Amino acid sequence: MANGASINRRYRELSFLNAAVAILIGVIAAYFVAHSASDIQETRLRATGREAVNVQAEALNGALDKYRMLAVMLGQRAEVRSLFLDPDQNRAREAARLVGLTTIGLSGALEVAFVRPDGSILARAADKFVDGFGPDSVLLQTAMQGRLGRAVRVLQKGRRAYVFTARVSAVGGHLGAVAIYVDLENIEDNWSLITHPILAVDQAGIVVMSNRAHWRLLPPPAFNAEIDAAPDAPPSDYFSNSRVLAPLNWTLTVLVDATPARNAATLWGGLAVAVCAAIALAVQLLINRHFAALRRERRDRTTSLRLERIVRDRTRELLQSNTALEAAVEQLHRTHTELIQTGKMAALGQMSTALSHELNQPLSAVKSYADNALTFLQRGREPEARDNIKRISELADRMAEISRHLRNFARKPNPTFGAVPIAAVIEDALKVLVSRIRNDRAEIVTELGDPALLVRGGHVRLQQVIVNLVLNGLDAMEGQPAPRLVINVSSTEKSVSIAITDCGPGIDPAVRDQIFDPFFTTKGVGQGLGLGLSISYNIVKDFGGQLSVHDNAEVEGGATFVVKLEAGQESEGVAA
Ligand code: ADP
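An unreviewed UniProt entry lists the protein chain under the name histidine kinase, with Devosia rhodophyticola as the source organism. The protein chain has a UniProt comment under Catalytic activity (unreviewed entry) that states "ATP + protein L-histidine = ADP + protein N-phospho-L-histidine."

Caption draft 1: Quick look at the packing of aromatic side chains. Counted by the stated rule, this structure contains 7 aromatic pairs. An angle of 85 degrees between the planes, with centres 5.4 Å apart, marks the rings of Tyr31 and Phe32 as edge-to-face. An aromatic cluster of three or more residues is present, and its members are Tyr162, Phe164 and Trp250. Over the face of the ring belonging to Phe133 we find Arg153, whose NZ or CZ atom lies 4.7 Å from the ring centre. We note Arg295 situated over the ring of Tyr11; from NZ or CZ to the ring centre the distance is 5.2 Å.

Caption draft 2: Local environment of the nonpolar core. If you look at the biggest cluster of nonpolar residues, it comprises 47 residues, and the most contacted ones within it are Leu60, Leu64, Phe114, Ile180 and Trp250. Sorting elements by how many residues they give to this core places helix 1 (residues 4-75) first, with 10 residues. Beyond its immediate chain neighbours, meaning those up to four positions away, Ile180 contacts Tyr67, Leu70, Ala71, Leu74, Thr103, Ala109, Glu111, Val112, Tyr162, Val163 and Phe164.

Caption draft 3: Fine view of the confidence of the model for the protein chain. In the predicted model, the protein chain carries a mean pLDDT of 86, and 90% of its residues have values of at least 70. Within the model, pLDDT remains below 50 along residues 223-235, and this stretch shows 25 contacts once partners closer than five positions in the same chain are excluded.

Caption draft 4: Expanded view of the environment of Ala123. Summarising the element assignment, Ala123 is placed in strand 2 (residues 121-124). Taking C-alpha positions, Ala123 is 9.8 Å from Glu94, a pair spaced 29 residues apart along the chain. Apart from residues no more than four positions distant in its own chain, Ala123 is found in contact with Leu83, Arg93, Val112, Ala113 and Phe114.

Caption draft 5: How the structure looks around helix 2 (residues 78-85). For helix 2, the full list of buried residues reads Val80, Leu83 and Phe84. Across the axial projection of helix 2, the buried residues extend over an arc of 95 degrees, all falling on one side. Where helix 2 is buried, its residues touch helix 1, helix 3 (90-107), strand 1 (111-115), strand 2, strand 4 (160-170) and strand 5 (173-183).

Caption draft 6: Representation of the sheet that holds strand 8 (residues 238-245) in the model. The strand order across the open sheet formed by 4 strands is 7-6-9-8, and the pairing between neighbours is antiparallel. The outermost strands of the open sheet, each flanked by one partner alone, are strand 7 (207-210) and strand 8. Sheet twist, expressed as the average angle between the axes of neighbouring strands with direction ignored, equals 20 degrees. Strand contacts of helix 1: strand 6 (198-201), strand 7, strand 8 and strand 9 (250-257), with the helix running at about 30 degrees to strand 8, the strand carrying the most contacts. Where helix 5 (residues 184-191) meets the sheet, its contacts fall on strand 6, strand 7 and strand 9, and the angle it forms with strand 7 comes to roughly 45 degrees.

Calculation rules
- Residues numbered from 1 in each chain as written.
- Predicted model: local features only at pLDDT ≥ 70, side-chain atom pairs only at ≥ 80, totals over all residues.
- Heavy atoms only, no water.
- UniProt positions renumbered as here; feature names shortened; annotations may be inferred.
- Phe/Tyr/Trp six-rings, centres within 6.5 Å; stacked < 30°, edge-to-face > 60°.
- Lys NZ or Arg CZ within 6 Å of the ring centre and 35° of its normal.
- Core = buried A, V, L, I, M, F, W, Y, C linked by side-chain atoms within 4.5 Å.
- Buried < 20%, exposed > 50% of the residue type's maximum accessible area, 1.4 Å probe, protein only.
- Helix = DSSP H or I, 4+ residues; strand = E, 2+ residues; numbered from the N terminus.
- Contact = heavy atoms within 4.5 Å.
- pLDDT = per-residue confidence, 0-100.
- Arc of directions from axis to C-beta.
- Pairing = 2+ DSSP bridges.
- Axes fitted to C-alpha atoms, helices over the stretch in contact; angles between N-to-C directions.

See the structure below:
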């Protein structure tokens, strides 16, 4: 699995790559999209311009075309011819003017003029302005050659008119020409409705018509620079659409503002950039999510590995401590068994002093009785000798009894147990201790109750318990002037309690919790092993009973040890 640093490095690399690709694609996409959008818009704008120029070309052609024939027709009218033939005659003048006015009225022309071959004006129908042709005027010359003359003329105050001229002929030669003035500004007025700049440039390169007033009668603006400079044409960029109007020899141009194309490029280019940025953002989010999952997975993995390791360590420790515990329990078992024996040996050791004293005394008595008997026999004093021998026999019986108790105590306990008479157990225990009791001058009060009362246990082991407890009581009362120890047996239906009460100082509260611990003793070296209560406690427990300590309820100080055992049934049989 990748470590934290390499995950972070990969994250940075991918993020950088994503940003780089996004910028690259963004630039390319913006370039192409902007171009395409601009092209589409340009095509549309150019089409609009083309359409506008075509419509206006047709309209202009159509507007001027209707006047074309009028000049020719007027040149052939008799009234007009009469005017030229007899110009001083008022009637002819009036007739010709009338024809001219009628033409103006019907066609909407600006003026109808009758021109002499030298260019001077013979008459005007409406007489609205003064205009003259020089003899070399192209308009006049063309007409005089029998063709239709046509040209733009700038009248007073810059008024522009398109003039058609036609010859007035008579038999044998030409008389002059008819000129029809068409007002260009009338047509131009229609252009004011068109928003795009429109201009018509004549052969001489002069703007003859335009819906931009300041361009009129000037050379056409150099597109862009001069359009920019024009106060009412702020847009800087135009698509130009031109068409040559064949009969007029003009070039009609419609300029379409290119700003929408530029705007479309900016808008669509910006949109492409935005889309790329959004995609890059989405990809970055995916990358973030992926790496967050990776990091989480790694964290989880690390945590579970750590947990596994902890569990493994704990399990190993537990196994080790379990093994150690098993060994300790086994050792404890062994120690327990050994302790029972050791305790017994310790008790034996304690008792052996008393016993040796107990046996030495009768032995020396036996020796002196025997010596006396021998002397009495030598002297023939048979009755005294018999008396001494009888005493020897009695002493031997007593020693045999002590020996029997000792054997009983030292014998390995019978693992089985059954019903034992508690009174007999207590009496046997006291017999073992008789010499110690006598030495201490202790008063032993026994309240044993029914001698047949049975408890569940083993005779020897219970005896050992009683010996221990009585010895402890005697030890506690050592040095007292009147040591007194009470052994009381009480029973209920199910249990029997043996209470051993002394009048010693009682149990020191500071050590009360420890007195049942093995090897705990307050006695001096060589006086106590600290095993008595521990062994007794376990023996009683083995019998299903309890050993507890209480304060002597009757005297100040003093302790009461209570052995509580199950009541024994006769059917169980008596145990050793
Ligand atoms: P040991 O008698 O060898 O000291 P025990 O296990 O029999 O070992 O007794 C442990 C301790 O309990 C004694 O040292 C003593 O302090 C205390 N103890 C036992 N019995 C009595 C008693 N009847 N009165 C006061 N203290 C006692």
